[in-house]
Amino acid sequence: IDITGGIQGTDRLFLTSNATYDKNVGVQTMHVVFTLTGDDRANYITPDGDDTHTMTISKRMITVYGTTVDNRVYDGTDNALGQTHLHEFQADGVTKNFTHIVDADYAKITVEVLSSTFSDRHVGTGKAVTIVYGVEGEEAGNYLIQGNNSVADITPAKLSIPTDVDTIMVSK
């Protein structure tokens, strides 16, 4: 910290500070303790007590990436959950499928797909799929999730017609 005012002549001082606060989301009180060092430190004192500040810590945004949705056969629903996959990668020996996490929190949270839904239940190609993610674990309350949506196809279902039918009834 650069010290201005009150230093006499060529005195040499260095001021260091140590701040402590709760790292979790919400309104937090930060306490700062100052320490003087240097050859002339005995000639000066730091302000009495802690320097206290109030701050608000906001949730950090997690970006989920690499989510894919498999194509599926028409089943009359818009559900895509069974076809949605979070892909992971290795970094520093830890399996990850998201970014922007404080390094110490990687092992303390998990990201999962809560739901994934096609834009409608009908057959089509390149259909938009909306994916909803969830975060769980010890540090989950400190994060929000921003994920990617995807596209996939719903292909027509093949009808099964019995081949051993002797008579087919046709109605008008």
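Bear in mind that the values here come from a model prediction, so they are computed numbers and not experimental data. (Residues numbered from 1 in each chain as written. Predicted model: local features only at pLDDT ≥ 70, side-chain atom pairs only at ≥ 80, totals over all residues. Heavy atoms only, no water.)

(A) Fine view of the overall build of the protein. Along its length, the protein carries 0 helices and 14 strands. Sequence separation of 24 or more characterises 58% of the internal contacts of the protein that already satisfy a separation of 6 or more. Carbon and sulfur atoms make up 52% of the accessible area of the protein, which totals about 11,800 Å². (Helix = DSSP H or I, 4+ residues; strand = E, 2+ residues; numbered from the N terminus. Contact = heavy atoms within 4.5 Å. Areas by Shrake-Rupley, 256 points an atom, 1.4 Å probe, with all protein chains shown as cover.)

(B) Local environment of the sheet that holds strand 4 (residues 60-64). Taken together, 3 strands build an open sheet; the order of strands is 10-4-13 and the sheet is mixed. Edge positions in the sheet fall to strand 10 (98-99) and strand 13 (143-146), since each has one partner strand and no second. Pairing analysis gives 4 bridges linking strand 4 to strand 13, with the strands arranged parallel. Paired with Ile62 across the bridge in strand 13 is Ile145. (Pairing = 2+ DSSP bridges.)

(C) Highlighting the sheet that holds strand 1 (residues 14-20). The antiparallel open sheet is built from 3 strands, whose spatial order is 1-2-3. A strand with exactly one partner marks an edge of an open sheet, and here the two such strands are strand 1 and strand 3 (51-57). Neighbour-to-neighbour, the strand axes of this sheet turn through a mean angle of 30 degrees, independent of strand direction. (Axes fitted to C-alpha atoms, helices over the stretch in contact; angles between N-to-C directions.)

(D) View of the pairing of strand 2 (residues 26-37). With 7 bridges connecting them, strand 1 and strand 2 associate as antiparallel partners. Pairing of Asn18 across the sheet is with Val33, part of strand 2. Taking the residues between adjacent antiparallel strands as the criterion, strand 1 and strand 2 are bridged by 5 residues.

(E) Geometry of the pattern of salt bridges. Inspection of the entire model under this criterion finds 3 salt bridges. Taking the shortest distance from any N to any O, the salt bridge between Glu139 and Lys23 comes out at 2.8 Å. One end of the pair, Glu139, is in the loop between strand 12 (124-137) and strand 13; the other, Lys23, is in the loop between strand 1 and strand 2, with 116 residues separating them in the sequence. Owing to a relative accessible area of 7%, Glu139 belongs among the buried residues under this scheme. We classify Lys23 as partly exposed; its relative accessible area is 44%. In this structure, Asp120 and Lys127 form a salt bridge, with 2.6 Å as the shortest nitrogen-oxygen distance. (Salt bridge = Lys/Arg side-chain N within 4 Å of Asp/Glu carboxyl O. Buried < 20%, exposed > 50% of the residue type's maximum accessible area, 1.4 Å probe, protein only.)

(F) View of the side chain of Lys127. Residue placement: Lys127 occurs in strand 12. Judged by relative accessible area, which is 9%, Lys127 ranks as buried. Of the polar contacts made by the side chain of Lys127, one reaches the side chain of Asp120; its length is 2.6 Å. When neighbours within four sequence positions are excluded, Lys127 is seen to be in contact with Phe118, Ser119, Asp120, His122, Ser150, Val151, Ala152 and Ile154. (Polar contact = N/O pair within 3.5 Å; in protein donor to acceptor, adjacent residues only side chain to side chain.)

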